[in-house]
Amino acid sequence: MESEAENKGKALKNMGSQVCQICGDNVGLTADGDAFVACDVCAFPVCRPCYEYERKDGNQSCPQCKTRYKRHKGSPAIHGDGEQDGVADDGADDLHFSENQSDKQKISERMLSWHMSYGRGEGAGAPKYDKEVSHNHIPLLTNGTDVSGELSAASPGRLSMASPPPGGKPRIVDPVREFGSPGLGNVAWKERVDGWKMKQEKPVIPMTTSHPPSERGGGGDIDASTDILVDDALLNDEARQPLSRKVSVPSSRINPYRMVIVLRLVILCIFLHYRITNPVPNAFALWLISVICEIWFAVSWILDQFPKWLPVNRETYLDRLSLRYDREGETSQLAAVDIFVSTVDPLKEPPLVTANTVLSILAVDYPVDKVSCYVSDDGSAMLSFESLSETAEFARKWVPFCKKYAIEPRAPEWYFSQKIDYLKDKVQPSFVKDRRAMKREYEEFKIRINALVAKAQKVPDGGWVMQDGTPWPGNNIRDHPGMIQVFLGQSGGLDSEGNELPRLVYVSREKRPGFTHHKKAGAMNALVRVSAVLTNGPFLLNLDCDHYINNSKALREAMCFLMDPNLGKYVCYVQFPQRFDGIDKNDRYANRNTVFFDINLRGLDGIQGPVYVGTGCVFNRTALYGYEPPHKPKNKKTGFLSTCFGRSSKKSSKSSKKGSDKKKSSKYADPTVPIFSLEDIEEGVEGPGFDDEKSLLMSEMSLEKRFGQSAVFVASTLMENGGVPESATPETLLKEAIHVISCGYEDKSEWGTEIGWIYGSVTEDILTGFKMHARGWRSIYCMPPRAAFKGSAPINLSDRLNQVLRWALGSVEILFSRHCPIWYGYNGRLKWLERFAYVNTTIYPITSIPLLFYCTLPAVCLLTGKFIIPQISNLASIWFLSLFLSIFATGILEMRWSGVGIDEWWRNEQFWVIGGVSAHLFAVVQGLLKVLAGIDTNFTVTSKASDEDGDFAELYLFKWTTLLIPPTTLLIVNIVGVVAGISYAINSGYQSWGPLFGKLFFAFWVIVHLYPFLKGLMGRQNRTPTIVVVWSILLASIFSLLWVRIDPFTTRVTGPDIEQCGINC
């Protein structure tokens, strides 16, 4: 090693002066005119800036002999300098650096430095590195159809590439051999050193530490304050304030709610004790079934209710965010965001819907060089490709119009369909004229999209052909190469006014027979890798194709949490509530799901954060890579609630200290903790007895084994602030982007098990969020006054039930997997109430079995004349009444603190029964078949219907499905039971009416809950067919008369019993 360093040093001599072996600059002289010598032991040539950089952010030791650097005259003091290193200072102010530097950045720098020194091929010239690292450099690819992996120069404005044809051997990417350069690592290292040099040339500004007030009382809260380094000369008092605030629900509303919950729990225990200790001898089977059902309902209620114990609200301060990171007239310091849009079948997910989502993204109120939109076409449909091309062209006109007049929302379909005064708050005289022109442009755009859809209805015999005559690579959706097309980039991405547009990239991952592609989760992981190679934004936003950005400041709302110096380092994602358009005002089938989004998720936000719901979520890329969050400061006092409901970590901190002689050998034994840790990598680099270069190579190989065989992607995972090197060529990044979406890339890696979206369930969202929370991350629930995102929901009964079936099936899959929250991750940092919520999300489909039995019991009781409850005493009747009152009180107080209306709350209760006895029941059966018999069920994409046949035409469309059979049967049986019970009471006299009331109440409870389902069966609102009404009355009357005449459950004695009485009776 020394001889190699000496040879390089001699070759780089310039006019008798030594050259720095790290950056290539002259070593330079000291203030006394002598040659600068960094290391007094071996005199390894290192320049002053690299020496300072190594002392501040590196190993603080000589790269050759590993001797700790001593402090030279004029050098700022750092932590660890002893008295023996003390040198008389020349009077210059020392910089006070934060000691809490990111471990990831240090590892990245060492790994990339190794590429620079030892990954260079013979004779390879050192490239020039003049520019700083860019977060936004995207290669401009060609509109080519070549599937050989070569670039085509057909159109310099657009670039595309397809993966190589099948049959090729999988390759291991080596930046030296592959790209003829010393690797992107060298680029990043050199650029970071150059940036540090520039920073040293600026005047030194003293830094002070600000202690913002804690967001919430009580110790152990992640949201509590930590030290923040604040630049007094640049930030005023307003900018030093936190970017968000946690607001507790007023005690006058939440305390009565909690008291009623506790009271209801006590009454429930007394009620169950009474039911268990008072069986019904003449109806023992019915009594036993009812008691088992009631116990299950009680457990289910506890799991659902107690995670709502600590609901919170949050406020964001966008003005403070702008003051700190986005000042007018200065370069924006906001973090880059990569936005993912996923689509599969353009015939079920209309291209016009996807186009509106993409247009709303391109027009978002965020620096354009910080936004990149990736559209995943998992169906490799040429219709999606062509419609996206049309969308990119229309965006050149739409985006400047949105930003000029600050319109909301920025999805044209929904903007032009608003029934509001669009002139409100508009003062520009040209607005009306421009709006009319833009509306005409959009209508022409819709015609072009509709023409593409009409053309795609019939596939040509030879498959689709592109404009240049070459076959569309995705004609076979199960066997096609990977495709990437950049529609809008830097040189080709200008709007009609000459301003830059955000990047728009089309991605279709490779698919081959014999590979498991993991549906949506696999597509999202492919987007994670592609975006990391091309732009590498530190934050990711994922949206369904039908969820457009309704609030143009939604990304800024998320950044108030993710870029907060106090809170952001603990946050894995910011979840926004789902809001929907096109739902009837009565919300017959609870499509808005308001109770879940406005009550349940707000409750979880006060514990460890909301669950991930699949869309409208801004991720921290680091959390998706399986890293652990930093540990909370130990000087916090543990609050009572954290002690009772939060799992405090009993393990010692795993963060290693610089300069420590104690080698850590502990490994993570629990699967909730990431399978790799930065501390372990540090050990490999710095451990005694290991050569730096060899151990660094081992660390890199270990990371490639976990992240896949791509050196470029592995390097990107260690860049804390994201970005790609400016000097990286488009060809280099393009080859890597195609490589990382190949169908065999994830083989023998940790993708889908510990990294990215987790596989194993059709509801990959719940599983992915659960893994992050189990590692100790927390999530944030953001509810801005104007909804951040809006989407469409299936308002038709059959489509709605099929959607619920898919969700429930995913929960059942998690329940029977190793990731089941009942037994997974008890050595992690998941709080108990958060675990309750996750357990509830996985076992709720099981509730369908006792619910089905319980809804059948009223009809059985009415038809047999028996009942599940014995004759009760006055005391028992008080407990029954108290239970019902506590149930009503809980609901009323819940609506009071959450703001949810009683109609929304009641619709949710009704659909809980409707979905429970239909979709949830089928999900349990299908889940058991999949687990026990290996019979898999196909994932059906929910239709995103457009309202072309009038308002809510889909609502009244009747589609028969097997999911309708159980609730239809329950309705008929209970109606028959009511008719039979009343007929029997009329026939039997006054004394039979008393016991009948309890049974009738029970049956009416079932019928009222199934009433929306009954309306769905009947068809159009207020248009129930007359023939249905006539036949219902006729059949009910005939059946009642026959029941009274036959009365099969009453024993009739028409004469003496000869067997008992004999002949003389």
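Draft legend 1. Spatial organisation of the overall build of the protein. Along the protein, the regular secondary structure elements total 33 helices and 16 strands. Across the 1065 residues in the protein, those meeting the buried criterion constitute 52%. Of the contacts made within the protein by residues no fewer than 6 positions apart, 78% connect residues no fewer than 24 positions apart. Total accessible area on the protein is roughly 48,800 Å²; 57% of this is exposed by carbon and sulfur atoms.

Draft legend 2. Expanded view of the environment of Leu352. Mapped onto the fold, Leu352 is located in helix H9 (residues 351-362). Residue Leu352 is classed as buried on the basis of its relative accessible area of 15%. With residues near it in sequence (within four places) discarded, Leu352 still touches Glu413, Tyr442, Phe445, Lys446 and Ile449.

Draft legend 3. Representation of the environment of Gly723. In this structure, Gly723 sits in the loop between helix H20 (711-717) and helix H21 (730-740). In the structure, Gly723 is positioned 188 residues away from Thr535 in sequence and 5.9 Å away in space, judged by C-alpha atoms.

Draft legend 4. Spatial organisation of the packing of aromatic side chains. Counting across every chain of the model gives 43 aromatic pairs. A centroid spacing of 5.4 Å and a plane angle of 55 degrees characterise the contact between Phe385 and Phe487, whose relative ring orientation is tilted. Here Phe385 is found in helix H10 (residues 382-405), whereas its partner Phe487 is found in strand E8 (residues 483-488), with 102 residues between them in sequence. With a relative accessible area of 12%, Phe385 lands in the buried category. Sitting above the plane of the Tyr826 ring, Arg835 keeps its charged end 3.8 Å from the centroid.

Draft legend 5. Quick peek at the pattern of salt bridges. The final tally for this structure, using the stated rule, is 32 salt bridges. For Lys553, the salt bridge is made with Asp365, and the minimal N-O distance between the two is 2.6 Å. One end of the pair, Lys553, is in the loop between strand E11 (548-549) and helix H14 (554-562); the other, Asp365, is in the loop between H9 and strand E7 (371-377), and 188 residues separate them in sequence. Residue classification places Lys553 among the partly exposed residues on the basis of a relative accessible area of 34%. Judged by its relative accessible area of 22%, Asp365 falls in the partly exposed class. Linking Arg775 and Glu754 is a salt bridge whose minimum nitrogen-to-oxygen distance equals 3.0 Å. One end of the pair, Arg775, is in helix H22 (residues 764-775); the other, Glu754, is in the loop between H21 and H22, and 21 residues separate them in sequence.

Draft legend 6. The sheet that holds E11, seen in detail. On the basis of which strands lie adjacent, the open sheet formed by 3 strands has the order E11-E16-E13 and mixed pairing. Edge strands, defined here as strands with exactly one partner in the open sheet, are E11 and strand E13 (579-581). For E13 and strand E16 (residues 789-792), the ladder comprises 3 bridges, and the chain directions are parallel. Each residue of the ladder has a partner; that of Phe580, found in E16, is Gly791.

Draft legend 7. The confidence of the model for the protein, seen in detail. When pLDDT is averaged along the protein, the result is 74, and 69% of the positions lie at 70 or above. The low-confidence segment residues 636-644, where pLDDT is below 50, has 13 contacts with residues more than four positions distant or belonging to other chains. Within the model, pLDDT remains below 50 along residues 945-950, and this stretch shows 3 contacts once partners closer than five positions in the same chain are excluded.

Draft legend 8. Just the pairing of strand E6 (residues 337-343), in detail. Of all 7 residues making up E6, 7 are buried, and the element is well covered by its neighbours. Here E6 shows two buried faces, one formed by Val337, Ile339, Val341 and Thr343 and the other by Asp338, Phe340 and Ser342. Where E6 lies against E7, 7 bridges are found, and the strand directions are parallel. The residue of E7 that forms the bridge with Phe340 is Tyr374. Considered for its hand, the β-α-β crossover made up of E6, H9 and E7 is right-handed. Pairing of E6 with strand E10 (residues 539-544) involves 6 bridges; the strand directions are parallel.

Draft legend 9. The arrangement of the state of the cysteines in detail. Taken as a whole and judged by the stated rule, the model has 0 disulfides. Here Cys782 stays unpaired: no disulfide links it, and the sulfur of Cys560, its closest cysteine neighbor, is 7.8 Å away.

Draft legend 10. Local environment of unusual backbone geometry. Cis geometry marks the peptide bond from Glu408 to Pro409, where omega comes out at -10 degrees. As for its position among the elements, Pro409 is in the loop between H10 and helix H11 (412-416). Look at Ala43: it is not a glycine, yet its phi comes out positive at around 60 degrees. Tracing the chain through its elements places Ala43 in the loop between helix H1 (2-11) and helix H2 (48-57). In this structure Ala43 comes out as partly exposed when scored by relative accessible area, which is 41%. Although it is not a glycine, Lys748 sits at a positive phi angle of roughly 60 degrees. Here Lys748 is to be found in the loop between H21 and H22. Judged by its relative accessible area of 80%, Lys748 is exposed.

Draft legend 11. Structural detail: the pairing of E10. Buried residues dominate E10, accounting for 5 of its 6 residues. When E10 meets strand E14 (residues 617-620), the two strands line up antiparallel, connected through 4 bridges. Paired with Asn542 across the strands is Cys617, a residue of E14.

Draft legend 12. Layout of the packing of helix H7 (residues 284-305) against helix H25 (residues 848-864). Taken N-terminus to C-terminus, the directions of H7 and H25 make an angle of 145 degrees; their axes are 9 Å apart at the nearest point. Crossing handedness for the pair H7 and H25: left-handed. Here Leu286, Ile289, Ser290, Cys293, Glu294, Trp296 and Phe297 of H7 come into contact with H25, specifically with Pro850, Leu851, Phe853, Tyr854, Leu857, Val860 and Cys861. Along the lines of polarity and charge, the residues of the contact of H7 with H25 split into 12 nonpolar, 1 polar and 1 charged.

About the thresholds
- Residues numbered from 1 in each chain as written.
- Predicted model: local features only at pLDDT ≥ 70, side-chain atom pairs only at ≥ 80, totals over all residues.
- Heavy atoms only, no water.
- Helix = DSSP H or I, 4+ residues; strand = E, 2+ residues; numbered from the N terminus.
- Buried < 20%, exposed > 50% of the residue type's maximum accessible area, 1.4 Å probe, protein only.
- Contact = heavy atoms within 4.5 Å.
- Areas by Shrake-Rupley, 256 points an atom, 1.4 Å probe, with all protein chains shown as cover.
- Phe/Tyr/Trp six-rings, centres within 6.5 Å; stacked < 30°, edge-to-face > 60°.
- Lys NZ or Arg CZ within 6 Å of the ring centre and 35° of its normal.
- Salt bridge = Lys/Arg side-chain N within 4 Å of Asp/Glu carboxyl O.
- Pairing = 2+ DSSP bridges.
- pLDDT = per-residue confidence, 0-100.
- Right-handed = clockwise from strand over helix to strand, strands pointing away.
- Disulfide = S-S within 2.5 Å.
- Axes fitted to C-alpha atoms, helices over the stretch in contact; angles between N-to-C directions.
- Left-handed = near helix turned anticlockwise from the far one by under 90°.
- Nonpolar A, V, L, I, M, F, W, Y, C, P; charged D, E, K, R; others polar.

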